[in-house]
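Coordinates in review
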Amino acid sequence: MKRKIFCYFLFLCVMLTSTASANSWGAPGDTIDLFNGTDYNDYSVVAEDYSHKRDAVHFVVNTRYHQQLLIAEKAGKEWAVVQASTKAVWQPDDPQADDTWPETRQDDKGFTLLYENENYRFENSELTQAKCGTMTYTLREDGDYEVSDGSSTTLWHVPHGLFISNFNIRLLPRRMEEVARMNQFYDLTADMFTPVPMEASQGKPAVYSAPTEDSWRAKQGKAYVSLRDPDGLYRFGIVEKGWELIQYKVSMRTSRVGYIQSINAQPDPAFALGWHMIPVVAAADTYFTDDPDVSQFQQGFIPAGKTMLLLGRWDDFYAYVTFVHEGMLTRGFIPLRDLETDEYSPQLAGGQLQGTYTCLRGGNPLSDSVTFHYDHTFTQQDGSTGTWEISSGDPFFLTMNYSKDSSETMELHLYSNGFSLFDNGTGAGDYIQQ
């Protein structure tokens, strides 16, 4: 009898130990297989809204240095992670993460992510309402967000909307002037980065922040990428003098964007005009990162007042900027909300415009070839001549004064290799410098 009792006790201990081990992640219900032996094996659940009556659950999972928002759905008897985001939740090194653990609350229309003094409401994966202290954000029917600080209200024109896939809790504008600065850059810049998966190849090339070996290099000057593993490896069709811009996965918690030497890489025709080249200044103390998609790790400090050139816009939160860091040419990603346009006079723009250009695409608002001379005269392939002038606008306007006592004014956007002209807000033509 004693032996039977002992065996039963031993069996019970084994079962309890096994169950405790299986639930070491804090996974509720039957969601354990999402963690056991997967990429999330080292994580623990700090927030969840599991219900046996629902086929979806929202987790916030945590390791010592990293948190993620996971959305899992159930098909039949199997659970699968359908969305994952690092940028949608505060990270362990963020001051806000010290206040309280997050909560998630699910209902029939969506779910709410809650922190102390903050809450974010998502429906169909889209942010519909948020409150951060005195700041509120409300999605309107036209896709803009109405933003209020309690005393004034403005509109935030987010180009791609705010969804779990692109929402950035850290870079949400927290002051009205930040909303204004972001809106301005949405008007001045276009999306420059379209990732295309790369195939596996040989080699472990060095990775630099800019297309030169003299530029700043991450990982204490030792950053490199293995091209043998295509997981998380992307190109953008941005090629400059034998250097190609790529993005690659360092780990589940980190990625990196940088340049590798690539003799055979071909540029995307969409990049023919090159970068924006907009003078900007840091409106506040800020940082730059080479990982705008995952960790947002701060590679360096950018003091308020530092002048730089904005090359393009990575997404609705980050600008791609060139500057000098630690005495070296550097390219990196800086929060849009922390930048403002520097003085960029029509005189400077006029100096950049001088040269000969050919029509790349569009409706040929000018001749197939046009030369802008230093004395502000122009000649065109069709034989027409006259004078040109640039006036302030958003960003500039180009006026062509023809010798036939006629003139035409068009919106002008300057790039590193050319310019675009717009007539009454419609695309009129792209010109590339010879």
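Now for a description of the structure that goes with this document.

Thresholds, definitions, all that
Residues numbered from 1 in each chain as written. Predicted model: local features only at pLDDT ≥ 70, side-chain atom pairs only at ≥ 80, totals over all residues. Heavy atoms only, no water. Helix = DSSP H or I, 4+ residues; strand = E, 2+ residues; numbered from the N terminus. Buried < 20%, exposed > 50% of the residue type's maximum accessible area, 1.4 Å probe, protein only. Contact = heavy atoms within 4.5 Å. Areas by Shrake-Rupley, 256 points an atom, 1.4 Å probe, with all protein chains shown as cover. Lys, Arg positive; Asp, Glu negative; His and termini not counted. Charge placed at Lys NZ, Arg CZ, Asp CG, Glu CD. Polar contact = N/O pair within 3.5 Å; in protein donor to acceptor, adjacent residues only side chain to side chain. Salt bridge = Lys/Arg side-chain N within 4 Å of Asp/Glu carboxyl O. Pairing = 2+ DSSP bridges. Phe/Tyr/Trp six-rings, centres within 6.5 Å; stacked < 30°, edge-to-face > 60°. Lys NZ or Arg CZ within 6 Å of the ring centre and 35° of its normal. Axes fitted to C-alpha atoms, helices over the stretch in contact; angles between N-to-C directions. Core = buried A, V, L, I, M, F, W, Y, C linked by side-chain atoms within 4.5 Å.

Within the chain, the regular secondary structure consists of four helices and 30 strands. Its C-alpha atoms give the chain principal-axis dimensions of about 115 × 55 × 40 Å. Buried residues in the chain amount to 48% of all 434 residues. Sequence-distant contacts in the chain: of pairs separated by 6 or more residues, those separated by 24 or more amount to 51%. Total accessible area on the chain is roughly 21700 Å²; 49% of this is exposed by carbon and sulfur atoms. Between the mean site of the 34 positive side-chain charges and the mean site of the 58 negative ones, the chain shows a separation of 13 Å.

One can find serine 85 in strand β4 (residues 78-85). The exposure class of serine 85 is buried, given its relative accessible area of 6%. A distance of 3.3 Å separates a polar atom in the side chain of serine 85 from the backbone nitrogen of lysine 87. Residues contacting serine 85, with those up to four places away along its chain left out, are Gln68, Leu69 and Ile164.

Before going further, it helps to spend a moment on the pattern of salt bridges. Going through the model one piece at a time under the given rule, you end up with 20 salt bridges. If you follow the salt bridges from partner to partner, you end up with Lys87, Asp293 and Asp315 in one network.

What the four strands build is an open sheet, ordered β12-β13-β14-β15; its pairing is antiparallel. Each edge of the open sheet carries a strand with a single partner, namely β12 (196-197) and β15 (254-261). Note that strand β14 (residues 243-251) and β15 share eight bridges and pair antiparallel. Each residue of the ladder has a partner; that of tryptophan 243, found in β15, is glutamine 261.

A word on the pairing of β4. Along a regular strand, successive side chains alternate from one face of the sheet to the other. Sheet topology note: the strand β3 (residues 67-75)/β4 ladder contains seven bridges and is antiparallel. In the sheet register, leucine 70 faces β4, and the bridge partner there is alanine 84.

On inspection of all chains with the given rule, the structure shows 28 aromatic pairs. Ring geometry for tyrosine 145 against tryptophan 156: centres 6.1 Å apart, planes inclined by 50°, an arrangement best described as tilted. Of this pair, tyrosine 145 sits in strand β10 (residues 145-148) while tryptophan 156 sits in strand β11 (residues 153-156), placing them eleven residues apart in sequence. The exposure classification of tyrosine 145 matches that of tryptophan 156, with both residues buried. Aromatic pair phenylalanine 288 and phenylalanine 323: ring centres 5.2 Å apart, planes at 65°, arrangement edge-to-face. Of this pair, phenylalanine 288 sits in strand β17 (residues 286-288) while phenylalanine 323 sits in strand β20 (residues 318-325), and the two are 35 residues apart along the sequence. Each member of the pair phenylalanine 288 and phenylalanine 323 is classed as buried. Following the ring pairs from residue to residue traces out a cluster consisting of Phe193, Phe236, Phe271, Trp275, Trp314, Tyr320 and Phe333. The ring centre of tyrosine 208 lies 5.1 Å from the NZ or CZ of arginine 217, which sits over that ring.

We now examine the side chain of arginine 331. Turning to its location among the elements, arginine 331 is positioned in strand β21 (residues 328-335). For arginine 331, a relative accessible area of 14% corresponds to the buried category. In this structure the side chain of arginine 331 is engaged in a polar contact, spanning 2.9 Å, whose partner is the side chain of glutamate 240. Here arginine 331 is in contact with Ser209, Ala210, Pro211, Glu240, Tyr259, Trp275, Leu311, Tyr320, Val321 and Thr322, once residues within four sequence places are set aside.

This paragraph deals with the sheet that holds strand β5 (residues 103-106). Spatially, β5-β6-β7-β8-β9-β10-β11 is the arrangement adopted by the seven strands of the open sheet, whose pairing is antiparallel. Two strands lie at the open edges of the sheet, namely β5 and β11, each paired on one side alone. The mean inter-strand angle of the sheet, taken between neighbouring strand axes irrespective of direction, is 20°. In terms of strand pairing, β5 meets strand β6 (residues 110-115) through four bridges, oriented antiparallel. The partner of threonine 104 across the bridge, within β6, is leucine 113. Packing against the sheet, helix α2 (residues 176-188) makes contact with β9 (135-139), β10 and β11, and its axis sits at approximately 30° to β11.

Ranked by internal contacts, the top residues of the largest apolar core, which has 75 residues, are Tyr120, Trp156, Phe193, Trp275, Met308 and Leu339. With six residues, the single largest contributor to this core is α2. Within the second largest apolar cluster, 20 residues are counted, among which are Tyr357, Leu366, Val370 and Met400.

What follows covers the pairing of β6. The buried count for β6 comes to six of six residues, which makes it a mostly enclosed element. Of the two faces of β6, both are covered, the one formed by Gly110, Thr112 and Leu114 as well as the one formed by Phe111, Leu113 and Tyr115. Hairpin connection between β5 and β6: a loop of three residues separates the two successive antiparallel strands. Note: β6 against strand β7 (residues 118-123), six bridges, orientation antiparallel. Its bridge partner lying in β7, threonine 112 is registered against arginine 121. Counting the residues between successive antiparallel strands, the hairpin from β6 to β7 contains two residues, one of them, asparagine 117, with a positive phi of roughly 70°.

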